[in-house]
Amino acid sequence: MPDLVIRSHHIATMSGETGYGLVDGWLAVSGGRILAVEPGEPPEAWLESSSGVTCVDARDRVVLPGYVDAHTHLVHAGSREDELAMKLEGVPYLDILARGGGIHGTVRRTREATESELYRKAEGSLDRMLMHGTTTAEAKSGYGLDLETEVKCLRVVQALDRSHPVDLVSTYLGAHAVPSGFRGNTRGYMDFMISTVMPQVRAEGLAEFIDVFCEEGVFSPDETRVLLEAGRKAGFGLKLHADEIVPLGGAELAAEFGAVSADHLLAASDAGIEALARAGVTAVLLPGTSFYLMTGRFARARRMIDAGVRVAVATDFNPGTCPCESLQAIQVFACMGLRMTPAEILRGMTIHAAHAIRRQHVIGSIEPGKWADLVLHDAPNPDWLVYHFGSNTVDRVYKKGQAVVSDGRRISS
Ligand code: NIG
Ligand code: FE
């Protein structure tokens, strides 16, 4: 006997290789997991109030798997609205960084913040994610760079994973920038990450993945190679900020190392795209960031999809290049900027995103055995979710079968 049955004309299961896997029927949940998804009417006996089954009539709702945000810089202090004027004057992102602003400004503030301040701020962001339909998110460190602050930020991720309905998957991104104390000594900083931080992060179980910002003026491909090698040896899964601004062969590198994902990829080469397809590396595209960088450039999603690359779409939530927690807000950029179809985008935010964090067996689609992470959207059909922008369509969110958002509001912790 299930605990919960939801009826809907539009259950977008995301099963199968393409499209929504739409079912006009019902789904049943037991013990937090999907028991069945079937067309037609549920068994009569379950609909009776004496059956003990909670029946939800969502026939005027679209049911989707909870969104999976596969790339966020969740934990950081402060904000960077003061950079807007510089951006409008046309100062490039990497120039702001080279002047000691950008990431470095956020690092200064994150080092000063206490663990509970960081926790409260990140908790507010997670609430916004959840209310916009995200039920699992990846969360990177990378605004501490020193041992103490990186560990502090990853502990915040761990604590929030335990206390908040949104599940978190954590990534150590010490290689986000070379901190000022190591300026001109990138190798010294790399040695420090490899010999001091990675072992401690590993020993405390604070991160599943490592990530590197492989970019001109940050970590070169050769340096990235050394870091990926060390991360792999230490037992981490691999992710890469690849070919975001300058084409450096980041996609090729991600493929060579069998990374779980290669992210950004605005400047990825044809050979890099083919290598990702061959190696089965998920491309995580971040069109909100493309929009916010104001260069008019977007990743070549169509070419990637044609080449057979699995494409996910994420927010990149961070204080510099995408101060936005809502995957719904990113959908319009994915459509107009990346030229992805609504079905490609919604798959990119569910099942493909689950692949990008190695959770494809437990979340990302509505299939028997997976967690019942479900979102009821107030929309006439799934395409409409991408077509209409600027308002929140989430009516109700279930996390592992429990209602955590109802009428668009948090109802439990
Ligand atoms: O994914 N590219 C590097 N990291 C972030 C931006 C971080 C920041 O500017 O604070 C990104 O775009
Ligand atoms: Fe990022």
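Student: How would you summarise the site of ligand 1 if you had to cite specific residues and measurements?
Tutor: Ligand 1 sits among 16 residues. The nearest are Arg80, Tyr93, Tyr143, Glu244 and Thr321. Taking Tyr143, its side chain carries an N or O atom lying 2.6 Å from an oxygen atom of ligand 1. With respect to ligand 1, the side chain of His176 contributes an N or O atom lying 2.8 Å from a nitrogen atom. In the complex, 100% of the free accessible area of ligand 1, which totals 330 Å², lies under the protein chains. Put simply, ligand 1 lies in the largest cavity. The residue inventory of the shell around ligand 1, partitioned by class, reads 4 nonpolar, 9 polar and 3 charged.

Student: Let's hear about the packing of aromatic side chains: which residues, and what values?
Tutor: Counted by the stated rule, this structure contains 6 aromatic pairs. With a centroid separation of 5.4 Å and an interplanar angle of 50°, the aromatic rings of Phe182 and Tyr189 are classed as tilted. By relative accessible area, which is 25% here, Phe182 ends up partly exposed. What makes Tyr189 buried here is its relative accessible area of 0%. An aromatic cluster of three or more residues is present, and its members are Phe182, Tyr189, Phe192 and Phe219. Its guanidinium or amino end placed over the ring of Trp371, Arg33 lies 3.8 Å from that ring's centre, counting from NZ or CZ. Over the face of the ring belonging to Trp371 we find Lys400, whose NZ or CZ atom lies 4.6 Å from the ring centre.

Calculation rules
- Residues numbered from 1 in each chain as written.
- Chains lettered and ligands numbered in written order.
- Predicted model: local features only at pLDDT ≥ 70, side-chain atom pairs only at ≥ 80, totals over all residues.
- Heavy atoms only, no water.
- Near = heavy atom within 4 Å.
- Polar contact = N/O pair within 3.5 Å; in protein donor to acceptor, adjacent residues only side chain to side chain.
- Areas by Shrake-Rupley, 256 points an atom, 1.4 Å probe, with all protein chains shown as cover.
- 1 Å grid on protein atoms, 1.4 Å probe; cavity = no way out; pocket = protein on both sides within 12 Å on 5 of 7 lines; lining within 4 Å.
- Sits in = over half its atoms within 2 Å of the grid points.
- Nonpolar A, V, L, I, M, F, W, Y, C, P; charged D, E, K, R; others polar.
- Phe/Tyr/Trp six-rings, centres within 6.5 Å; stacked < 30°, edge-to-face > 60°.
- Buried < 20%, exposed > 50% of the residue type's maximum accessible area, 1.4 Å probe, protein only.
- Lys NZ or Arg CZ within 6 Å of the ring centre and 35° of its normal.

From the geometry alone we can't say anything about function, so treat these as descriptive.
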